[in-house]
Amino acid sequence: MKSSGIVSLALSLSVLIFSCGKKEEVPSPKIGLIAEKAMVVSAREEASQIGLKILQKGGNAFDAMMATEMALAVTFPFAGNLGGGGFMVYRMADGSTGSIDYREKAPMAASKDMFLDENGDFLSQLSTKGALASGVPGTIAGIFEAQSKFGKLKPSEILQPVIDLAKNGFVVTAAQADRLKRNRETFIDVNGPHTFFAREIRAGDTLKIPVLAATLERIAKNGRDEFYTGETAKILARYIQEKGGIITEADLASYQAVWRDPIIYPYRDLKIISMAPPSSGGVTLVQILKMLEPYDLQALGHHSPEYIQLLVEAERRAYADRNYYLGDPDFVKIPVNELLDTEYLKSRMSNFSFEKATRSSEISQGNISFAESMETTHYSIVDAEGNAVSVTTTLNGAYGSKVYIDELGFFMNNEMDDFSAKPGVPNMFGLIGAAANSIAPGKRMLSSMTPTIVEKDGKLWIVVGTPGGSTIITSVLQTILNVAEFGMGMQQAVESPRFHHQWLPDLVNFEPNSFDSTLISTLKARGYLINEANSPIIGKVDAILVLPDGRLEGGADPRGDDKAAGF
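Residues numbered from 1 in each chain as written. Predicted model: local features only at pLDDT ≥ 70, side-chain atom pairs only at ≥ 80, totals over all residues. Heavy atoms only, no water.

Topic: the confidence of the model for the chain
And then number 1: When pLDDT is averaged along the chain, the result is 91, and 90% of the positions lie at 70 or above.
And then number 2: Confidence over residues 1–24 falls short of pLDDT 50; this stretch has zero contacts with residues more than four positions distant or in other chains.
And then number 3: In the predicted structure, residues 367–373 sits below a pLDDT of 50 and forms 29 contacts with residues beyond four places in sequence or in another chain. (pLDDT = per-residue confidence, 0-100. Contact = heavy atoms within 4.5 Å.)

Structure follows, in structure tokens:
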């Protein structure tokens, strides 16, 4: 009886433990929107829906790109834009790939020392706020170039629902109202008390922008030339110069988007297709992945101290290279092949140890043989034919330079801050650059934007990207690893907490209230410097995963108002 009692007790305990275990199981991960044929994921539901409607009308991913981009310019002026620029990476249904660079350019009157005072000190306020901070916009050139080459519909047909959106208005979200309130005084300071966004705008308001609708109507009628040589160009150049800027009609007339070969490299059984310079995203992303490749990440464990150490140390070394070597390939020779060489990257990790942190002061750019924004936005599109585009576009800072052209209805960028105005001095994202990214007339500034497409077994698998300034690269990296190494679905991968390191400043940033205090203590004990101040949101990833049965799962980041739409 005694032994029977022990057995009964043991069985009871095992049932209790099992029951408790079941009760304490982590809830099933969220699954994003599932679509059978096509999907758009962007920072605003209105933009995703307009992009989707264009797909439903028979348009393809490049038609939807134009519609989504312009709808974001209406509903998300924080980063969506006519007055900025961006990058797009594409993969056609037949497997062919490419990319377009519509990054802003320095005006022809720009000079290397334009943001330095008489003592050679960096005047950061001039490169971040006001008309002098703006580069020549590339967005309209980029979307028209891509659509004219690959699209199926007429631009006027694509833009009409966007024009209607600007005329009829959209509902302001709580987050949007808060951002506008925080920036209202700056808008007034830069543009005057009668500027459009001087008004108080509350959550739930319907915001109509008729002037922007009129600008878009002219562009729909006259095409890209309206923005670069037409009435819009004249108004833009005049306003910028009245406000102390240097963009001229000639600068606008000479702007061209550029088709570039993307960065394409294998990682394990995957093919990474990402943006080439003047985006630093592709090179830096692939550098990190190739430094991680010799390690068994699954064995280390997701978000274990060792996993975080490994990523941080690879990021530290890649960002050091980024800041020294990368710039506009039309102006400087960039040793891309050498930077991505397996033996070189192995040597970069040779002094890595799980025992303790490497100090950033001990890491400079690598010795190789060789003679940006938090306030960006990203969208991902897959059409019913199987074409995919990954697009990241930006004004750089929140509402760019804060210059709002009231006659046209849009903000201008402050991308001049993405140059190395003074080598060795950090920009607004803490990134330090070198001579490769110095200011020169007509030059494109270095960017962290990382629109990326991933193939698996020769087929489209992931379309991904994010805003986040210097954190873009690490957010894209961790999202890909979450799916590829840890088997997450797209929504779960997007929602997973993130961390970031960028060489300098020598701090590891963690999303607030997302990581265990014991983990943080372990990393501190190994010599890592942790940013314990209020760390900002690290990225707002919008991505699409092709499921094994061919359906699409959208991952729309809940850190913003982002939404997926599909059919």
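Focus: the nonpolar core
Soluble globular proteins tend to pack their nonpolar side chains together in the buried interior.
And then number 1: L82, M88 and L236 are the most contacted members of the largest nonpolar core, which has 86 residues in total.
And then number 2: Formed by 81 residues, the second largest nonpolar core is a distinct cluster that contains V89, V283, L297 and W503. (Core = buried A, V, L, I, M, F, W, Y, C linked by side-chain atoms within 4.5 Å. Buried < 20%, exposed > 50% of the residue type's maximum accessible area, 1.4 Å probe, protein only.)

Describing the pattern of salt bridges
And then number 1: On inspection of all chains with the given rule, the structure shows 33 salt bridges.
And then number 2: One salt bridge in this structure joins E231 and R218, with 3.9 Å as the shortest N-O distance. A residue pair is termed long-range when its members are at least 10 positions apart, and E231 in helix α10 (residues 231–242) and R218 in helix α8 (residues 210–222) qualify at 13 residues.
And then number 3: With relative accessibility at 45%, the residue E231 sits in the partly exposed group.
And then number 4: In this structure, R559 engages E511 in a salt bridge whose closest nitrogen and oxygen atoms are separated by 2.7 Å. Of the two residues, R559 is situated in the loop between β19 (552–556) and β20 (563–566) and E511 in the loop between β17 (509–510) and α19 (517–525); the sequence distance between them amounts to 48 residues.
And then number 5: It is possible to trace a salt-bridge network through shared partners that takes in D101, R260, D330 and R444. (Salt bridge = Lys/Arg side-chain N within 4 Å of Asp/Glu carboxyl O. Helix = DSSP H or I, 4+ residues; strand = E, 2+ residues; numbered from the N terminus.)

Thoughts on the packing of helix α12 (residues 281–292) against helix α14 (residues 305–325)
And then number 1: Interaxial distance between α12 and α14 falls to 9 Å at its minimum, and their mutual angle equals 140 degrees. For the element pair α12 / α14, the angle class is oblique. Judged by the sense of rotation from one axis to the other, the crossing of α12 with α14 is right-handed. Residues T284, Q287, I288, M291 and L292 of α12 touch α14, and the partners they reach there are L310, L311, A314, E315, R317, A318, Y319, D321 and R322.
And then number 2: Residue composition of the contact of α12 with α14, by class: eight nonpolar, two polar and four charged. (Axes fitted to C-alpha atoms, helices over the stretch in contact; angles between N-to-C directions. Parallel < 35°, antiparallel > 145°, perpendicular 65-115°, else oblique. Left-handed = near helix turned anticlockwise from the far one by under 90°. Nonpolar A, V, L, I, M, F, W, Y, C, P; charged D, E, K, R; others polar.)

Some remarks on the UniProt feature "active site" (unreviewed entry) in the chain
And then number 1: Feature annotation in UniProt assigns "active site" (unreviewed entry) to the following positions: T376.
And then number 2: Mapped onto the fold, T376 is located in strand β10 (residues 376–382).
And then number 3: A relative accessible area of 2% means that T376 is categorised as buried.
And then number 4: Beyond its immediate sequence surroundings of up to four residues, T376 is in contact with A79, T392, T393, T394, M449, P467, G468 and I472.
And then number 5: There is a polar contact of 3.0 Å between the side chain of T376 and the side chain of T394. (UniProt positions renumbered as here; feature names shortened; annotations may be inferred. Polar contact = N/O pair within 3.5 Å; in protein donor to acceptor, adjacent residues only side chain to side chain.)

Section: the sheet that holds strand β11 (residues 388–394)
And then number 1: The strand order across the open sheet formed by seven strands is β7-β4-β3-β11-β10-β2-β20, and the pairing between neighbours is antiparallel. Of all the strands in the sheet, the pair left with one neighbour each is β7 (258–260) and β20. Strand-to-strand, the axes of this sheet are offset by a mean angle of 15 degrees, without reference to chain direction.
And then number 2: Contacting β2 (39–42), β3 (85–91), β4 (97–102), β10 and β11, helix α3 (residues 61–75) crosses the sheet at an angle of about 150 degrees to β10. (Pairing = 2+ DSSP bridges.)

Some words on the pairing of β10
And then number 1: In terms of burial, β10 is largely enclosed, as seven of its seven residues are buried.
And then number 2: Alignment of β2 against β10, held across three bridges, turns out to be antiparallel. Bridging from a neighbouring strand, M39 pairs with V382 of β10.
And then number 3: Pairing between β10 and β11: seven bridges, direction antiparallel.

As for the UniProt feature "binding site: L-glutamate" (unreviewed entry) in the chain
And then number 1: In this structure's numbering, the residues bearing the UniProt feature "binding site: L-glutamate" (unreviewed entry) are R103, T394, L395, N396, D418, S447, S448 and G469. For the second largest cavity, the lining residues drawn from the annotated set are L395.
And then number 2: Tracing the backbone through its elements, the reader meets N396 in the loop between β11 and β12 (404–405).
And then number 3: In this structure N396 comes out as buried when scored by relative accessible area, which is 0%.
And then number 4: In this structure, S448 sits in the loop between β13 (410–411) and β14 (452–456).
And then number 5: Of note is the side chain of S448, whose polar atom sits 3.1 Å from the side chain of R322. (1 Å grid on protein atoms, 1.4 Å probe; cavity = no way out; pocket = protein on both sides within 12 Å on 5 of 7 lines; lining within 4 Å.)

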